[in-house]
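# Commentary on secondary and tertiary structure
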Amino acid sequence: MSMENEAVLPLFTWFHQHPEVGHTEFATTKKIKETLKKMGLEPQPLGTLPTGTFALIKGSHPGKTLLLRSDIDALPVAEKAEVSYPSLNPGKMHACGHDIHMTTVLTAAQLLTERKTQLHGTVFLAFQPAEEVAGGAVELLDQGVTKGCTEFVGLHSEPLLPVGTLGITAGCVMASTDTFRITLTGAGTHAAAPHLGNNPIPVLFGLGRELMLFAGQKVSPIHNYVLSITHVEAGEAWNVIPDTAMLEGTIRCEYPEDRETLKKALYRLVDSYAEAHQVSADIYWHDGAPAVLNDEEMVQPAAELARKEGFQVKALEMAMTGDDFSHYKEYAKRYQVSDPELQPQTKPLALYVKVGTGLGAPLHNSHFKADPAAIGPAARFLADFITERLRGR
């Protein structure tokens, strides 16, 4: 079976028409496993995770282990894009291009399987659930199945680039993605008698304004960062001052040191502001994915190969969006420290490629659509690049 030809479009169409959100990708996982088995590969369970899978392509020659990752979940977005193969699951769509990711990685896997006798080392194919709901990569990595992987390759659909273009950039590609929720508690009372209570809503408004201003005073003005307040909630009736008021949002950073600086500064600001206004504050902080960092050792040969294969190569500006692909390299570093059997090792390396899938609506938009013409060339590039990396070039 040549997946690069007759099977690519039907496979992509199937994934597009059957989107499933994080932790519910049961049909998607089944389809991936069936496709892997047709290649002669053995899909493996991801420990205790009910969805997702992995498989190994073992070359005939010794070498390192390189992980190629595809996320598999969709978004709770009703599709409005004009395509001949619309989503069959109401209220869900592949608005982030994971259908492209899965098909591309499976196509690359077929090409790599066909050249096993020339392949050095092992390719670890990771089909990761729940990337969009913040937790899938960590859940997969906590199963311990990726120990021994030293290099990591990921990809993402990019609607800012036409088909035939790859975004290959050294350094920071995507920001870290932390979230916060702040709940202020005052004293509720009748709306006509505010002096008998302590209304947390005006305090929340003031705190929100301070939060939007404070970040610029804490990090270098030439560093990329974002602080956005995205959800505010308080009260249930027009004539009742509530006890509590809540806001939540996200902080995105290019540099790890800024990430820690802003977290500490947020806690100090909230505590001092709440004390000054005689309300109590409860802060929930979630450490999201680290920034996605591309290593020059992988970027340079990838860009050279892409140009050789006829791609236009663009060095894109970093995006303040995020991807939990960044966890893979971070976990590999921890494995090397905690497991003496894995030492000595070269430092873990990562490459995250943005695949031009046609100019159009942005990611996470109901009108987003990706051109499947990008799949074949991108799969060939990934297979060739991985072959060369495992050969030590």
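Before any of the text, the structure's been laid out above.
Residues numbered from 1 in each chain as written. Predicted model: local features only at pLDDT ≥ 70, side-chain atom pairs only at ≥ 80, totals over all residues. Heavy atoms only, no water.

Attention now moves to the overall build of the protein. Each helix and strand in the protein was counted, giving nine helices and 15 strands. Taken over C-alpha atoms, the radius of gyration comes to 23 Å for the protein, in line with the 21 Å a tight globule of 393 residues would show. Principal axes of the C-alpha set define a box for the protein whose edges measure 80 × 50 × 40 Å. Looking at the protein as a whole, 53% of its 393 residues are labelled buried. With the model as given, the accessible surface of the protein reaches about 17,400 Å², and the carbon-plus-sulfur share is 53%. Here the protein carries 34 positive and 46 negative side-chain charges, and the mean point of each set is 5 Å from the other. (Helix = DSSP H or I, 4+ residues; strand = E, 2+ residues; numbered from the N terminus. Rg over C-alpha atoms; globule rule 2.2 N^0.38 Å. Buried < 20%, exposed > 50% of the residue type's maximum accessible area, 1.4 Å probe, protein only. Areas by Shrake-Rupley, 256 points an atom, 1.4 Å probe, with all protein chains shown as cover. Lys, Arg positive; Asp, Glu negative; His and termini not counted. Charge placed at Lys NZ, Arg CZ, Asp CG, Glu CD.)

Before going further, it helps to spend a moment on the pairing of strand 3 (residues 120-128). Counting buried positions along strand 3 yields eight of nine residues, so the element is predominantly enclosed. Direction of pairing for strand 1 (residues 53-58) relative to strand 3: antiparallel, over a ladder of six bridges. When the sheet's bridge partners are listed, Ile57 is paired in strand 3 with Val123. Where strand 2 (residues 61-71) meets strand 3, eight bridges bridge the pair, whose relative direction is parallel. When the sheet's bridge partners are listed, Arg69 is paired in strand 3 with Ala126. Handedness of the strand 2-helix 3 (residues 98-114)-strand 3 crossover: right-handed. (Pairing = 2+ DSSP bridges. Right-handed = clockwise from strand over helix to strand, strands pointing away.)

We now examine empty space enclosed by the protein. Following the criterion strictly, the structure yields three cavities of 30 Å³ or more and no others. In this model, the largest cavity occupies a volume close to 70 Å³. Contributing to the lining of the largest cavity are Ala291, Val292, Leu293, Phe325, Ser326, Lys329, Glu330 and Ala350. Secondary-structure elements contributing two or more residues to the lining of the largest cavity are strand 13 (292-294) and helix 8 (326-338). When residues of the lining of the largest cavity are assigned to their parent elements, the largest contribution, three residues, is made by helix 8. Tallied by class, residues from the lining of the largest cavity come to five nonpolar, one polar and two charged. (1 Å grid on protein atoms, 1.4 Å probe; cavity = no way out; pocket = protein on both sides within 12 Å on 5 of 7 lines; lining within 4 Å. Points joined across faces, edges and corners; volume = space filled by probe spheres on them. Nonpolar A, V, L, I, M, F, W, Y, C, P; charged D, E, K, R; others polar.)

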